[in-house]
Amino acid sequence: CFLRCPTRVSSCEIGLRCNSIPRHAELLMNRYTFIKTDNDRMTILIRFLVGLIFLSEGIQKFVYAEYLGAGRFANIGIPYPEAMGYAVGSIEIICGIMVLAGIYTRLAVVPLICIMLVAIFTTKIPVLLGREFMGFSLRPLNNYGLLSMLHESRNDLSMLVGCIYLIIKGGGRW
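Residues numbered from 1 in each chain as written. Predicted model: local features only at pLDDT ≥ 70, side-chain atom pairs only at ≥ 80, totals over all residues. Heavy atoms only, no water.

1. Some points on the packing of aromatic side chains
- In total, this model carries three aromatic pairs according to the counting rule given.
- Centre to centre, the rings of F121 and F133 are 5.3 Å apart; their planes meet at 75°, and the pair counts as edge-to-face. Separated by 12 residues along the polypeptide, F121 in helix α6 (residues 105-129) and F133 in the loop between α6 and α7 (146-152) bring together distant segments of the chain.
- Following the ring pairs from residue to residue traces out a cluster consisting of F121, F133 and F136. (Phe/Tyr/Trp six-rings, centres within 6.5 Å; stacked < 30°, edge-to-face > 60°. Helix = DSSP H or I, 4+ residues; strand = E, 2+ residues; numbered from the N terminus.)

Shown next as structure tokens:
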């Protein structure tokens, strides 16, 4: 009982049963912990930026499918480009709206983080290496290597960091 009592005072000493659980277990079991957010007013700026960019990119995957959706996915070498283009576009639209509205922000950025990691892996690693990588094609650029990869991935990295910030801090005050 001593290990389970957060106050380190055992009620078992006086013959009572200890019903308390450790604080970390209580936090994990509390379903509202994941929804709870900080009170920082400035988080809305990050939320607005991340949500608006993902919303617009998702819409463009449908409107300009041959350049930014299925056509681009086929050029990169992503399997099932039609299905993946529509799936990624839909996820970006839905999660972008959720982030903009502040609805389950932490939950909404998880698929967006996955999208950004896949984007970096499939399009930026070949630029870093200067050759095709695991079946993902290399697009023609003036330069290849670390600096070129960092230049090409600036938007991806910014969105990834913004999503990580939102998963840590939550949706903010509004």
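Text resumes after the structure shown.
2. As for the packing of helix α2 (residues 43-63) against helix α5 (residues 81-101)
- Where α2 meets α5, the closest approach of the two axes is 7 Å, and the angle between their N-to-C directions is 150°. It follows that α2 is roughly antiparallel to α5 by the angle criterion. Viewed along their axes, α2 and α5 form a crossing whose handedness is left-handed. Contacts from R47, F48, V50, G51, L52, F54, L55, E57, G58, I59, K61 and F62 of α2 reach α5 at G85, Y86, V88, G89, S90, E92, I93, G96, I97, V99, L100 and A101.
- A class-by-class count of the residues in the contact of α2 with α5 yields 14 nonpolar, six polar and four charged. (Axes fitted to C-alpha atoms, helices over the stretch in contact; angles between N-to-C directions. Parallel < 35°, antiparallel > 145°, perpendicular 65-115°, else oblique. Left-handed = near helix turned anticlockwise from the far one by under 90°. Contact = heavy atoms within 4.5 Å. Nonpolar A, V, L, I, M, F, W, Y, C, P; charged D, E, K, R; others polar.)

3. Looking at the side chain of E92
- With respect to the helices and strands, E92 occurs in helix α5.
- On the basis of relative accessibility, which here comes to 4%, the residue E92 falls in the buried class. (Buried < 20%, exposed > 50% of the residue type's maximum accessible area, 1.4 Å probe, protein only.)

4. Remarks on the packing of α6 against helix α8 (residues 154-169)
- Two numbers describe how α6 lies on α8: the axes approach to 9 Å, and their chain directions differ by 155°. The angle between α6 and α8 places the two elements in the roughly antiparallel class. Crossing geometry of α6 relative to α8 is assigned as left-handed. Residue-level contacts link T105, R106, V109, V110, L112, I113, M116, L117, A119, I120, T123 and K124 of α6 to D156, L157, M159, L160, C163, I164, L166, I167, I168 and K169 of α8.

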